[in-house]
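Listed here are the chains, written in short residue letters.
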Amino acid sequence: MIELVMKGTYKGRTFWITKHEIEELPELNLIPHEWYCGYVEYEPTVKHDSEDFDVFGGITFVGNLSQLDGFNSSVAVIGFDTAHINGEKMTANDVREECFNLIGQIESLKERRYCNRCGAQVKPDFNFCEICGQKLEKASEENGIRF
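Residues numbered from 1 in each chain as written. Predicted model: local features only at pLDDT ≥ 70, side-chain atom pairs only at ≥ 80, totals over all residues. Heavy atoms only, no water.

## Comments concerning the confidence of the model for the protein chain
In step 1: Across the protein chain, the average pLDDT comes to 81, with 84% of residues at or above 70.
In step 2: Mean pLDDT values over the elements of the protein chain span from 78, in strand S6 (residues 113–114), up to 93, in helix H1 (residues 92–109).
In step 3: In the predicted structure, residues 140–147 sits below a pLDDT of 50 and forms 14 contacts with residues beyond four places in sequence or in another chain. (pLDDT = per-residue confidence, 0-100. Helix = DSSP H or I, 4+ residues; strand = E, 2+ residues; numbered from the N terminus. Contact = heavy atoms within 4.5 Å.)

Right, dumping it as structure tokens:
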């Protein structure tokens, strides 16, 4: 069973927290009977690797809410869960704090620049790519990046 327990906004981004319960525990009893997942509104155009995000247990979902049972929104999200073997048990408020943390990390990714030829990350003040030598386009004045 999945239950929406919290929805809110932080720094202009929406987040959702769901509670998951299973009626029967697996034979080895390795995962908790109930756990939480956090989902944060995300821009698919922001380049990232899963290692870019430091949240409880790491990113476990990238997609849209309509892919999750019980949701009917096509908002792009990234998410994490708290059902980990021998992991600390987290509350909904703990997950909310992790969502805030994740939103901050997403915002910092928007400050990155990438070469439009080879895709390498480049320093914001560079005019040429350190990898391939491509002359870089000017960063957008609005958000400091170009997609």
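## Quick look at the sheet that holds strand S2 (residues 13–21)
In step 1: Spatial strand order, S1-S2-S3-S5-S4: five strands in an open sheet with antiparallel pairing. Only two strands of the sheet have a single partner each, and these edge strands are strand S1 (2–10) and strand S4 (61–64). The sheet shows a mean angle of 25 degrees between the axes of neighbouring strands, direction not considered.
In step 2: In this fold H1 packs onto S1, S2, strand S3 (34–41) and strand S5 (76–81), with an angle of close to 25 degrees to the strand it touches most, S3. (Pairing = 2+ DSSP bridges. Axes fitted to C-alpha atoms, helices over the stretch in contact; angles between N-to-C directions.)

## Comments concerning the nonpolar core
In step 1: By size, the foremost hydrophobic cluster in this structure holds 22 residues, and its most contacted members are Phe53 and Leu102.
In step 2: When contributions to this core are tallied by element, the ones reaching two or more residues are S2, S3, S5 and H1.
In step 3: It is H1 that provides the largest number of residues to this core, a total of eight residues.
In step 4: With near-sequence residues (within four places) excluded, Phe53 lies in contact with Tyr42, His48, Ile59, Ile78, Leu102, Gln105, Ile106 and Leu109.
In step 5: Core analysis: the second largest hydrophobic core is formed by 10 residues, Trp16, Phe61, Leu68 and Phe71 among them. (Core = buried A, V, L, I, M, F, W, Y, C linked by side-chain atoms within 4.5 Å. Buried < 20%, exposed > 50% of the residue type's maximum accessible area, 1.4 Å probe, protein only.)

## Some points on the packing of aromatic side chains
In step 1: Inspection of every chain in the model, using the stated rule, returns four aromatic pairs.
In step 2: With 5.5 Å between their ring centres and 85 degrees between their planes, Phe15 and Phe100 make a pair best called edge-to-face. Of this pair, Phe15 sits in strand S2 while Phe100 sits in helix H1, placing them 85 residues apart in sequence. Both residues of the pair, Phe15 and Phe100, belong to the buried class.
In step 3: Look at Tyr42 and Phe53: their rings are 6.4 Å apart centre to centre, the planes differ by 80 degrees, and that puts the pair in the edge-to-face class. (Phe/Tyr/Trp six-rings, centres within 6.5 Å; stacked < 30°, edge-to-face > 60°.)

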